[in-house]
Amino acid sequence: MHRFFSEVNNFLDQEVAPVANRLDEDEELFFEIYHRFVTTGALYLLIPKNCGGLGGERQELIDYHILMSQYSGALLFLQAQHHSSISRLKKLLPHTGIEEVFRSLIQKNEGIGLALQKNKKILRVQQTPQGYRLSGTFLWATGFGFFSHLLVSFEHEGMLFYTLLPFGPRESEGGAITLSSKIETVVFNALPSHSVTLRDWLITKSDILAMHPLLPQEKAVEHPATYNFAGTAKALLDLTLQGQYGSTPQVLLNHASLTTRWQSYYQHIIESSINPLLLRIEGFKLAEDCCLLARFSIGAASLLKEHPINRIEREIRQYTLAGYSEEQRNVYLTRIFHAES
């Protein structure tokens, strides 16, 4: 694992850092860099070693997110779809079908996207002698052109099913998959994101990877953006010392204070002892404060379009709102603005 992280770090330093700003917008460049980057084995992370992967658990995923988010949120965001899918599938092991999926991904060095059912209203499920026909729309799926399949879940009669769905427009067995036009965003616009609509799409019984009874609603779960805040804060602390005023006493004093906060925040992530909704706010505030100090240290040069601080600040917006649940919104508004709950 040490060798893997060393190779990734070298690639990020030499190949990604010089073009990081362009990666958010330049589709052709992003495509080229991504396909060169995955030769490091980045897509093997979390896949069990007995299936040909690198292995790794939560600690390795945390370290990976912190490293990647210092260099390119766009490159990380695409891979996060894959790693989240792998994490979901690992929880369903042991299962022969899932192990076969892992081995196939390793053999092809491919990733898979993610479009899990958030609630039963997303999809209409009709059971047939052949299996299940799905109709409905996943509003957001990222990675068309990079991933050939999406990990999809659906509910039926008290059971939760997992399957892989072809990621792209097609017709088969009287059903169809269609994609919306590309969703334009202000962050990571080089990445292709689309709405995916199913019309009577047939999932045969042999297509089912795994299933289990529906469980009671989980408590708030940790979102990977929590780790990303640590990475962006670290990058901003480095930019602070490189700024025009980075060696002034006031800047150094605040830098030391924020460095201590960063260490505390990282420890909170590792210990996983704080409500994940509250921990995400702690990360948001840390990243925001680091960004403000970096601007004061850099001065007017931070207004230049190509300065890396502007890319990082946009990415903080992404990490703040990714996977934006009602529970997270309520905690944000209560804790950040001190509103009454």
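Relevant structure appears above.
Small disclaimer: the values here were computed from a predicted structure and weren't measured. Sequence order sets the numbering: in each chain, residues are counted from 1 along the sequence as written. The predicted nature of this model means local features are confined to residues of pLDDT at least 70 and side-chain atom pairs, given and counted, to a pLDDT of 80 or more, with totals for whole chains, interfaces and linings taken over all residues. As a rule here, side-chain values come from all non-hydrogen atoms in the structure, and water together with hydrogens is ignored.

Chemist: Sorry, what's going on with the sheet that holds strand 9 (residues 208-213) here?
Modeler: Neighbouring strands of a sheet are bound in pairs by backbone hydrogen bonds; such pairs are parallel or else antiparallel. The pairing criterion is simple: DSSP has to find at least two bridges between the two strands. A run of H or I in DSSP counts as a helix once it spans at least four residues, and a run of E counts as a strand once it spans at least two, with each numbered from the N terminus. One open sheet accounts for 4 strands, arranged 1-4-5-9; its pairing is mixed. Edge positions in the sheet fall to strand 1 (113-115) and strand 9, since each of these pairs with one other strand and no more. With strand direction ignored, the average angle separating the axes of adjacent strands in the sheet is 25°. Two residues qualify as a contact provided that any one of their heavy atoms is within 4.5 Å of a heavy atom in the partner residue. As a rule, the C-alpha atoms of each element are fitted with a line to give its axis, helices using only the stretch in contact, and angles between N-to-C directions run from 0 to 180 degrees. Of the strands in this sheet, strand 1, strand 4 (149-156) and strand 9 touch helix 5 (residues 73-90), which is tilted by about 70° from strand 1.

Chemist: Sorry if this is basic, but what is going on with the sheet that holds strand 6 (residues 170-172) here?
Modeler: Judged by pairing direction, the sheet is antiparallel, and its 5 strands sit side by side in the order 2-3-8-7-6 without closing on themselves. Two strands in the sheet have a free side with no partner beyond their single neighbour: strand 2 (123-128) and strand 6. Geometrically, the sheet is characterised by an average inter-axis angle of 15° between neighbouring strands, direction not taken into account. Two strands pair when backbone bridges link them, and strand 6 and strand 7 (residues 175-179) are joined in this way by 3 bridges, in the antiparallel orientation. Directly across from Glu171, in strand 7, lies its bridge partner Ala176.

Chemist: Can you help me understand the nonpolar core in this one?
Modeler: Note on soluble globular proteins: their nonpolar side chains tend to be buried together. By size, the foremost hydrophobic cluster in this structure holds 100 residues, and its most contacted members are Phe30 and Tyr64. For Phe30, the contacting residues outside a window of four places in its chain are Leu23, Ala74, Leu75, Leu78, Phe146, Ala190 and Leu191. Residues belong to one nonpolar core when they are buried, are Ala, Val, Leu, Ile, Met, Phe, Trp, Tyr or Cys, and are joined through side-chain atoms within 4.5 Å. The rule is simple: take the accessible area with a 1.4 Å probe, protein chains only, and divide by the maximum for that residue type; under 20% is buried, over 50% is exposed, in between is partly exposed.

Chemist: Help me out: how do you make sense of helix 10 (residues 308-321) in this one?
Modeler: In an α-helix, one turn spans 3.6 residues, which is why side chains three or four residues apart end up on the same side. The span one expects for a helix is its residue count, reduced by one, times 1.5 Å. Its 14 residues place the ends of helix 10 21 Å apart at the C-alpha level, agreeing with the 20 Å of an ideal helix rising 1.5 Å per residue. Those residues of helix 10 that fall on the buried side of the exposure criterion are Ile309, Asn310, Arg311, Ile312, Glu315, Ile316, Gln318, Tyr319 and Thr320. Count one or two residues on from helix 10 and you reach Gly323, which has phi positive near 60°.

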